[in-house]
Amino acid sequence: MALLYQALDPPLVDGARKPAREGGYADSGADIACALRSMGIDIVTPAAAPDPSEDRGWSWPDTPQ
């Protein structure tokens, strides 16, 4: 399993756009991926051995790349 986080600009809703969060929302993806891995679920991560104390490396951005 792999998790994505919102890295792209948020969509327009009724002509308004929520301000983007610098660096995206990797923190929630990291929390979920770390919890799933601790339950024995195989998680595909961008980092070979992501650090549980860091947000980056646990989930993938939702960008075209």
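Quick note: structure is the one above.
Residues numbered from 1 in each chain as written. Predicted model: local features only at pLDDT ≥ 70, side-chain atom pairs only at ≥ 80, totals over all residues. Heavy atoms only, no water.

Visitor: What is the right way to look at the overall build of the chain in this model?
Guide: Per the secondary structure count, the chain includes 1 helix and 4 strands. The helix and strand sequence of the chain, counted from the amino end, reads β-β-β-α-β. If one aligns the C-alpha atoms of the chain with their principal axes, the spans along those axes are about 45 × 20 × 20 Å. A total of 65 residues make up the chain; the buried ones form 25% of that total. As presented, the chain carries roughly 4600 Å² of accessible surface, and 56% of it is formed by carbon and sulfur atoms. (Helix = DSSP H or I, 4+ residues; strand = E, 2+ residues; numbered from the N terminus. Buried < 20%, exposed > 50% of the residue type's maximum accessible area, 1.4 Å probe, protein only. Areas by Shrake-Rupley, 256 points an atom, 1.4 Å probe, with all protein chains shown as cover.)

Visitor: Before we go on, may I ask you to explain the side chain of Ser 59 in this structure?
Guide: For Ser 59, the location among the structural elements is in the loop between helix 1 (26–38) and strand 4 (60–61). In contact with Ser 59, other than residues within four places in its own chain, are Leu 3, Tyr 5, Ala 26, Gly 29, Ala 30 and Pro 46. (Contact = heavy atoms within 4.5 Å.)

Visitor: Where do I start with the environment of Lys 18 in this structure?
Guide: Structurally, Lys 18 is set in the loop between strand 3 (16–17) and helix 1. Take Lys 18: its relative accessible area is 54%, and that puts it in the exposed class. For Lys 18 and Ile 32, which are 14 residues apart along the polypeptide, the C-alpha to C-alpha distance reads 23 Å. Aside from chain neighbours lying at most four places away, what touches Lys 18 is Pro 10 and Tyr 25.

Visitor: Help me understand helix 1, please; the structure alone is not making it clear to me.
Guide: Quick reminder: α-helices carry 3.6 residues per turn. Residues three or four places apart thus point the same way. With 13 residues, helix 1 extends 18 Å between its outermost C-alpha atoms, agreeing within 8% with the 18 Å of an ideal straight helix rising 1.5 Å per residue. Buried within helix 1 are the following residues: Ala 26, Gly 29, Ala 30, Ala 33 and Leu 36. Looking straight down helix 1, one finds that the buried residues subtend no more than 135° of arc, so they occupy a single side. Facing away from the buried side of helix 1 by more than 90 degrees, the exposed set consists of Asp 31 and Ser 38. Of the surrounding secondary structure, the elements contacted by the buried residues of helix 1 are strand 1 (4–5). One or two residues past the end of helix 1 sits Gly 40, with phi positive at roughly 90°. (Expected span 1.5 Å × (residues − 1). Arc of directions from axis to C-beta.)

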